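# Tertiary structure, described
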Amino acid sequence: RIGARVPSTAREARRFIMEHRRYVQLSEQAGIDMPIVAFPQLADRTHTTPYDAHYVHQGPWVFRHLIADPPLRHIDVASYLGYLGFFAAAVPTEFLDIRPAHLGMPGLTEREASILELPYEGRSISSISCLHVIEHVGLGRYGDPLDPEGSARACAVLARVVSDGGILYLSAPVGRPKVSFNAHRVHSVDQLLGYLEPLRLLSFDAVLDDGSYVRDCDPALV
């Protein structure tokens, strides 16, 4: 996470006990009879608000494009759920995942499906996003079968369904290639572009290791 120093759990536990007792006393003095139930949250007293820079930036990246040039519908494959309400507020959105969420949001429909078996004809989707997903495929982390070529296969399916003139919004960890089993893979930009042929790179934004966001980034930088 970026921008916060995690407090000592033991120190925060002691602080919680003291403040809980003090809060009970203050409530009694104020004549407030609301029940007070212990529900300790020990990691939030930080100097700044912690965040994961990758997840902060990639949803708005897609959202800005959907607002600027809205398609008739947008497809999202297994991205972070927190983005979907914004996508669906901009355009009708269909969400696919092997683990359906059943969100019940306005403008959003859901289907249970694997990224390796998307239920669409070739060249049929004009707008599709897949954010921090392909690096997990085939590692078994989310209950999917083990497959060392999972990222490549997922990219091939995504590239297959994008229509002529359509856009794929894709994010993944990039850098020196490695597999961190069973969390994720890191690919080079050239690897990903190879997996996505015949799609052509239109733009490239990056979140660097220090959390900074670079628009129209030179892929060589990462």
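See the structure above.
Residues numbered from 1 in each chain as written. Predicted model: local features only at pLDDT ≥ 70, side-chain atom pairs only at ≥ 80, totals over all residues. Heavy atoms only, no water.

## Section: the nonpolar core
Ranked by size, the top nonpolar core spans 24 residues in total, and within it I115, L118, I128, I134 and L158 carry the most contacts. Looking at this core, the elements that each hand over two or more residues are β1 (74–77), β4 (125–131), α4 (150–161) and β5 (162–171). Sorting elements by how many residues they give to this core places α4 first, with 5 residues. Apart from residues no more than four positions distant in its own chain, I115 is found in contact with V77, C130, V133, I134, V137, A154, V157 and L158. Formed by 12 residues, the second largest nonpolar core is a distinct cluster that contains L66, L108, L131 and Y169. (Core = buried A, V, L, I, M, F, W, Y, C linked by side-chain atoms within 4.5 Å. Buried < 20%, exposed > 50% of the residue type's maximum accessible area, 1.4 Å probe, protein only. Helix = DSSP H or I, 4+ residues; strand = E, 2+ residues; numbered from the N terminus. Contact = heavy atoms within 4.5 Å.)

## Notes on the packing of aromatic side chains
For the structure shown, the criterion picks out 5 aromatic pairs. Between the aromatic rings of Y55 and Y80, the centroid separation amounts to 5.8 Å while the plane-to-plane angle is 80°, which identifies the pairing as edge-to-face. Here the residue Y55 occupies a position in helix α2 (residues 53–68), and Y80 occupies one in the loop between β1 and α3 (84–90), the gap between them amounting to 25 residues. In this structure Y55 comes out as partly exposed when scored by relative accessible area, which is 31%. (Phe/Tyr/Trp six-rings, centres within 6.5 Å; stacked < 30°, edge-to-face > 60°.)

## Overview of the pattern of salt bridges
Per the counting criterion, the structure on display carries 7 salt bridges. Linking E12 and R15 is a salt bridge whose minimum nitrogen-to-oxygen distance equals 3.5 Å. Of the two residues, E12 and R15 both sit in helix α1 (residues 9–30), 3 residues apart, roughly one turn of that helix. With relative accessibility at 5%, the residue E12 sits in the buried group. R45 is paired through a salt bridge with E19; the nearest N and O atoms lie 2.9 Å apart. Residue R45 is found in the loop between α1 and α2, and its partner E19 is found in helix α1; the two are separated by 26 residues along the sequence. Since its relative accessible area comes to 44%, R45 is described here as partly exposed. Through salt bridges with shared partners, a single network forms among E12, R15, E19 and R45. (Salt bridge = Lys/Arg side-chain N within 4 Å of Asp/Glu carboxyl O.)

None of this, on its own, says anything about what the molecule does.
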